[in-house]
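Architecture at a glance
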Amino acid sequence: MQKENVFEIENLNLHYGAFQALIDVGIIIPRQRITALIGPSGCGKSTFIRTLNRMNDLIPSCRVEGKVMFDGEDIYDKACDVIALRKKVGMVFQRPNPFPKTVYENVVYGPKIHGEKNKDRLDEIVERTLKEVALWDEVKNRLNKSALGLSGGQQQRLCIARALAVGPEVVLMDEPTSALDPIATLKIEELMSGLCENYTIVIVTHNMQQAARISDFTAFFLNGVIVETDTTEKIFANPANTKTEEYITGRFG
Amino acid sequence: MARPILEAELKDIGEGVIAMGALVESTISTAIRTLKERDPDAARALIIEDERIDDMEDEINELCLRFLATQQPVAGDLRYVISIMKIIRDLERIGDHCEDIAKYTLRFEKEECFKELIDIQRMADMASRMVKNAIDAFVHRDLRLARKVWKADEEVDEIFRDLHDELLEFAEKDSKNAKQCIMLLFIAAHLERIADYATNICEEAVFVMEGAIEME
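Here's a quick rundown of the structure. Nothing here was measured: the structure is a model prediction, and the numbers come from that model.

Cut-offs used in this document
Residues numbered from 1 in each chain as written. Chains lettered and ligands numbered in written order. Predicted model: local features only at pLDDT ≥ 70, side-chain atom pairs only at ≥ 80, totals over all residues. Heavy atoms only, no water. Helix = DSSP H or I, 4+ residues; strand = E, 2+ residues; numbered from the N terminus. Buried < 20%, exposed > 50% of the residue type's maximum accessible area, 1.4 Å probe, protein only. Axes fitted to C-alpha atoms, helices over the stretch in contact; angles between N-to-C directions. Parallel < 35°, antiparallel > 145°, perpendicular 65-115°, else oblique. Left-handed = near helix turned anticlockwise from the far one by under 90°. Nonpolar A, V, L, I, M, F, W, Y, C, P; charged D, E, K, R; others polar. Phe/Tyr/Trp six-rings, centres within 6.5 Å; stacked < 30°, edge-to-face > 60°. Lys NZ or Arg CZ within 6 Å of the ring centre and 35° of its normal.

Bringing the environment of Phe 220 of chain A into the picture now. Residues and elements named next belong to chain A. Note that Phe 220 resides in strand β9 (residues 217-222). Given the relative accessible area of 0%, Phe 220 is considered buried. Separated by 23 residues in the primary sequence, Phe 220 and Lys 243 have C-alpha atoms spaced 9.2 Å apart.

Here it is as structure tokens:
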């Protein structure tokens, strides 16, 4: 049976050289829910989200201590297979970053790397994931055209489809709509509500209303520390911590 | 980073509520004075004055709507504005009760009252003070004062029950008092409702402070 919480994080400390970016972070990420991470720039929320699929491994000066349990296993354990981890924990970035390839090739890129060669199965993945991100009807007649010809919002949905194509459990989103217009933003938000029937979503956002609209749980980061984490309703209606209240009401600083 | 526009709009809304509260509070006293003094002109003036209370409600409502639409408040700011929208409705209803009391004054005009209006005066004084304290509790986020209003409401209810029994007795004893008894009973009932509205305002004060309405 699957555990109720996808991630359970305890005493997470992260240093970039002499600078400590995360201090004693502890949080659980419930399965098939949307968890929003909010906080001012430089507070550690992007650093934190990157610890969840070990993206920080790429930074040489980065040092991580503590427990990051994913489906009951510590992903910072030496035995952890990072490639397998990133297959289960996908990521979508702030700016849409499709490969300079066709729409089709973008989606099948991951599955192919993971060894899928069967054309029918790849076709099936393309159709299913593009439908999951509500892009199928818009691109089904141009699957073999360059992805760079799509609009910004379409590109971002394609990037989400690309992340879904390898069958992840979790999708990490680092400010996925900050480069999009309000209509494209709404489409992504609606999409996320649907996706959490099958996936767990962790989103970093600077848009308070977005966190309030779409997430089930919200964590407020400040100076590398989680100040408060609770249901989104509680955080935005009646936060327990004064610092949280100051931040979400815009009186921060 | 402060939010000067948000703060300024909140201040305007808050000041509007204080002004409306002060007007409503004095209207309660005026209503009972017109009754005791059988002053039909003052009663008519009060009925006209009630329109000002209605206008104030509309104006503050407008400010709150604009604030919600343009500032998108959350947490304490959101609770504050939502509470104010309820409070001004309560204040407006109190104004209506005063207007009804003034209308009874007009019906009493020529008649001598068969009894002195001691309890009614007490109820009116208490209700008026409760409204003032309730607004103060809300504005100054004073939980202790809010509790005091709650307690006072119990007292008003008690006076009302006793007065109710007393007036029934008068009516039974001498049927020519019946008409006045009924009118006084209605007036007392209006005052009792006004006191209830004051406790509603206190509930809002607690809601703004604590995010939940709980009062022992």
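Residue and element names in this part refer to chain B. Running from N to C, helix α1 (residues 4-36) and helix α3 (residues 75-108) point in directions that differ by 20°, and their axes come no closer than 9 Å. When the axis of α1 is compared with that of α3, the two are roughly parallel. Crossing handedness for the pair α1 and α3: left-handed. Each residue belonging to the contact of α1 with α3 can be placed in one class, and the counts come to 20 nonpolar, five polar and two charged.

Take the packing of aromatic side chains next. Summed over the entire model, instances satisfying the criterion amount to six aromatic pairs over all chains. Measuring from ring centre to ring centre gives 5.0 Å for Phe 7 of chain A and Phe 70 of chain A, while their planes differ by 35°; the resulting arrangement is tilted. On the criterion of sequence distance, the pair formed by Phe 7 of chain A in strand β1 (residues 5-16) and Phe 70 of chain A in strand β4 (residues 62-70) is long-range, its members being 63 residues apart. Ring geometry for Tyr 104 of chain B and Phe 186 of chain B: centres 6.2 Å apart, planes at 10°, overall stacked. On the criterion of sequence distance, the pair formed by Tyr 104 of chain B in helix α3 and Phe 186 of chain B in helix α6 (residues 178-210) is long-range, its members being 82 residues apart. Classification of Phe 186 of chain B as partly exposed rests on a relative accessible area of 46%. The positively charged end of Arg 162 of chain A is found above the aromatic ring belonging to Phe 99 of chain A, 4.2 Å away from the centroid.

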